[in-house]
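# Breakdown of the fold
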Amino acid sequence: MTRKHPFEPFRIKSIENLRITNRAEREVALKEANFNIFKIQAEDVMVDLLTDSGTGAMSSEQWASLMRGDESYAGSRSFDRLERVVDEIFGFKHFLPTHQGRASEGILMSLLVKPGNLIPNNTHFDTTAAHVLAREGIPENLLHDYSKNPSYDHPFKGNINLDALRQVLEKNTDMIPFCMITVTNNAGGGQPVSLANLEGLRKLCDEFSKPLFIDACRFAENAYLIQQREDGYSHMSVREIARKMFSLADGATFSAKKDAIVNIGGLLLMNDKELYENARNELIMHEGFPTYGGLAGRDLDAMATGLREGTEDDYLSYRTSQVAWLFDSLKDIGVPVFGPPGGHAVYVDAGSLLDHIPQSEFPAQSLAVELYLEGGVRAVEIGSVMLSFISPETGELVTPPLELIRLAIPRRTYTESHLQHVVDSFKAVVERKESLRGLKITKQPRLLRHFTCDFDWVENNEGIELSSLLSS
Ligand SMILES: *Cc1c(COP(=O)(O)O)cnc(C)c1O
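Being a predicted model, the structure only gives us computed values, none of them experimental. (Residues numbered from 1 in each chain as written. Predicted model: local features only at pLDDT ≥ 70, side-chain atom pairs only at ≥ 80, totals over all residues. Heavy atoms only, no water.)

Within the protein, the regular secondary structure consists of 16 helices and 16 strands. Over its C-alpha atoms, taken along the principal directions, the protein stretches across nearly 60 × 55 × 45 Å. When burial is assessed residue by residue, the protein has 59% of its 472 residues classed as buried. The contacts in the protein between residues at least 6 apart in sequence include a share of 72% that link residues at least 24 apart. As displayed, the protein offers around 19100 Å² of accessible surface, 49% of which is attributable to carbon and sulfur atoms. Averaging the coordinates of the 49 positive side-chain charges in the protein and doing the same for the 66 negative ones gives two points 3 Å apart. (Helix = DSSP H or I, 4+ residues; strand = E, 2+ residues; numbered from the N terminus. Buried < 20%, exposed > 50% of the residue type's maximum accessible area, 1.4 Å probe, protein only. Contact = heavy atoms within 4.5 Å. Areas by Shrake-Rupley, 256 points an atom, 1.4 Å probe, with all protein chains shown as cover. Lys, Arg positive; Asp, Glu negative; His and termini not counted. Charge placed at Lys NZ, Arg CZ, Asp CG, Glu CD.)

This is how it looks when you write it as structure tokens:
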């Protein structure tokens, strides 16, 4: 039942050559990287699905925007252009440009999170969780159980569990400075959040007088999926739906490297004037003057153009259909995929595909490693390597419910034949899946270990204790 690959609403104007590698070369590259996919050189990768963040192809209009960039320190015209688009799309009273999403998170959390605070979210992304943990707060993930079931079909598996949130709010109300929701839910299968769920969340936040912040990295993809999947919104444009989403929140953090299709950039948005003024002080200290933040004028300009292009219905139809094409193609060859398809990536349930490898031996990392060896395809582990942490409350290791790998599709970058190569590589791996082995970590930092840690096969030298993670 594989559908047709969607017609690309663009053509190629400039290309970047790819190096075709063989298995022996990839074995060397992997060993040198100590089996950490993040440490493989990009030129040793043939199809890079590590992330959709900052890896999209800019349009000719965006490249023109770079040339138009006004590099004035204060009051740059590029900032004005960005401001107009941001006001139109997001509609918050205040915003600050930052160098990327995590800078926005860092500023927000430094102002609002105190030790012992609890921050509820549908699922915190790794950087968000790290910012909360770094301030001795507790990131609380509140998904419905069905959202963790890869084969359960529900249009909005990113929805936050409002009953669970009510309980958390009733029990810990004094410890909760604000609530968050991530659209789409990147660490939970890239699944969208419905407007009905956002409305319920708003009501609950009002009842307990809590501000609501949206982690808005993929708001446009989320809005498009609302248009397609939720009753009552098919007549509205993506921008209208996005405005409605943001009208329910008090602020948002945004990585422009996602739905604004730029290589760098972010935004911090809010309605509260005092919070804005405090955030602006932080911005000036760590990022830059408020009319450029952590960016050059040309980056602001490219972001402004990208925000318009990234919220166009035709583009989002192509974008989400390409993800669905890969999803269907993998499903057809027996790969357990996390359904339904989300906005930016296909998630493969490695824990179930490789059920002979226990969670403590990182089945998803093993799959990512094998996929690279087979076809030079780079995917990212979203499982126990990335998401485990030691709870500051109980001192125990908290592991995620699923061992996934994510195949994130860079925007407007790869064609059908590139993705067919990914499917073919999977086919070969699935055929020999019983031969795949577990891995152990041999070296790791305290926070965000997946970026830099070293691995080895379990049967090789001693690993280190998993519990050395994050124990301060
Ligand atoms: C990418 C991402 C972030 C962080 O943004 P950066 O620009 O990478 O700093 C935060 N939350 C989610 C859901 C993301 O996908």
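Further remarks concern the sheet that holds strand β5 (residues 179–182). Strand order across the open sheet formed by 5 strands is β2-β8-β7-β6-β5, with mixed pairing between neighbours. Whereas interior strands pair on both sides, the edge strands pair on one side only; in this sheet they are β2 (94–98) and β5. Geometrically, the sheet is characterised by an average inter-axis angle of 15° between neighbouring strands, direction not taken into account. Taken together, the 3 bridges between strand β6 (residues 212–215) and strand β7 (residues 251–255) define a ladder with parallel strand orientation. Within the sheet, the bridge partner assigned to I214 lies in β7 and is A252. (Pairing = 2+ DSSP bridges. Axes fitted to C-alpha atoms, helices over the stretch in contact; angles between N-to-C directions.)

Trans is the prevailing form of peptide bonds, just as negative phi is the prevailing case for residues other than glycine. In this model, V183 is joined to T184 through a cis peptide bond whose omega is -20°. With respect to the helices and strands, the residue T184 is situated in the loop between β5 and α7 (195–207). Cis geometry marks the peptide bond from G339 to P340; its omega dihedral reads -5°. Considering the arrangement of structural elements, one finds P340 in the loop between α12 (313–332) and β9 (345–349). A positive phi is found at E136, a non-glycine position, where the angle reads about 60°. Looking at the element boundaries, E136 is found in the loop between α5 (126–134) and β4 (138–141). Phi at F362 is positive, roughly 50°, even though this residue is not glycine. Take F362: it is sitting in the loop between α13 (350–353) and α14 (363–375).

The next point concerns the sheet that holds β9. Ordered by their spatial adjacency, 3 strands build an open sheet running β9-β14-β11, and the pairing between neighbours is antiparallel. The open sheet has two free edges, formed respectively by β9 and β11 (380–382), since each of these has just one partner strand. Strand-to-strand twist across the sheet, computed as the mean angle between neighbouring axes with direction ignored, equals 35°. Sheet topology note: the β11/strand β14 (residues 404–408) ladder contains 3 bridges and is antiparallel. When the sheet's bridge partners are listed, I382 is paired in β14 with L404. Where α12 meets the sheet, it contacts β9 and β14, and its direction lies at approximately 25° from that of β9.

Counting 64 residues, the largest nonpolar core has F90, F219, F254 and L307 as the members making the most contacts within it. Built from parts of two domains, this core gets at least three residues from each of domain 1 (23–52 + 312–470) and domain 2 (60–309). Residues within four places of L307 in sequence aside, it is in contact with L82, V85, V86, I89, F90, F219, F254 and A260. Of all hydrophobic cores here, the second largest spans 59 residues; its members include V323, F362, L367 and V423. (Core = buried A, V, L, I, M, F, W, Y, C linked by side-chain atoms within 4.5 Å. Domains from an automatic or database assignment.)

Scanning the model with the defined rule gives 16 aromatic pairs in all. Relative to Y318, the ring of F10 has its centre 5.2 Å away and its plane inclined at 85°; by these criteria the two rings are edge-to-face. Of this pair, F10 sits in the segment before α1 (23–32) while Y318 sits in helix α12, and the two are 308 residues apart along the sequence. Judged by relative accessible area, which is 29%, F10 ranks as partly exposed. Y318 sits in the buried class, given a relative accessible area of 2%. Taking 5.2 Å as the distance between ring centres and 35° as the angle between the ring planes, the aromatic pair formed by Y146 and Y152 counts as tilted. On the basis of relative accessible area, Y146 is assigned to the partly exposed category, the value being 23%. Residue Y152 is classed as partly exposed on the basis of its relative accessible area, which comes to 36%. (Phe/Tyr/Trp six-rings, centres within 6.5 Å; stacked < 30°, edge-to-face > 60°.)

When its domains are assigned, the protein resolves into domain 1 (23–52 + 312–470) and domain 2 (60–309). Each of domain 1 and domain 2 has a C-alpha centre, and these two points are 25 Å apart. Contacts between the two partners involve 34 residues from domain 1 and, on the opposite side, 38 residues from domain 2. For the pairing of domain 1 and domain 2, the buried interface totals around 3000 Å² over both sides, and the portion due to carbon and sulfur atoms is 59%. At the surface where domain 1 touches domain 2, the tally comes to 6 salt bridges. With its nearest N and O atoms 3.0 Å apart, the salt bridge here joins E221 to R411. Secondary structure elements with two or more residues in the side of domain 1 that touches domain 2: α12, β9 and α15 (384–387). Ranked by the residues each element gives to the side of domain 1 that touches domain 2, the list is headed by α12, at 6 residues. (Buried area = accessible area lost by both parts, 1.4 Å probe. Salt bridge = Lys/Arg side-chain N within 4 Å of Asp/Glu carboxyl O.)

For the ligand, the set of nearby residues contains 14 residues, the closest of which are R102, D215, R218, S255 and K258. For the ligand, an oxygen atom lies 2.9 Å from a polar atom in the backbone of G101. Contact distances for the ligand include 2.7 Å between a nitrogen atom and a side-chain N or O atom of D215. Relative to its unbound accessible surface of 380 Å², the ligand loses 97% to contact with the protein. Among the elements that line the shell around the ligand, the one with the most residues is helix α4 (residues 101–112), at 3 residues. Of the residues that constitute the shell around the ligand, the class distribution is 2 nonpolar, 6 polar and 6 charged. (Near = heavy atom within 4 Å. Polar contact = N/O pair within 3.5 Å; in protein donor to acceptor, adjacent residues only side chain to side chain. Nonpolar A, V, L, I, M, F, W, Y, C, P; charged D, E, K, R; others polar.)

It is worth spelling out the state of the cysteines at this point. Applying the stated rule across the entire model yields 0 disulfides. There is no disulfide at C179, and the cysteine sulfur nearest it, in C205, is 3.9 Å away. (Disulfide = S-S within 2.5 Å.)

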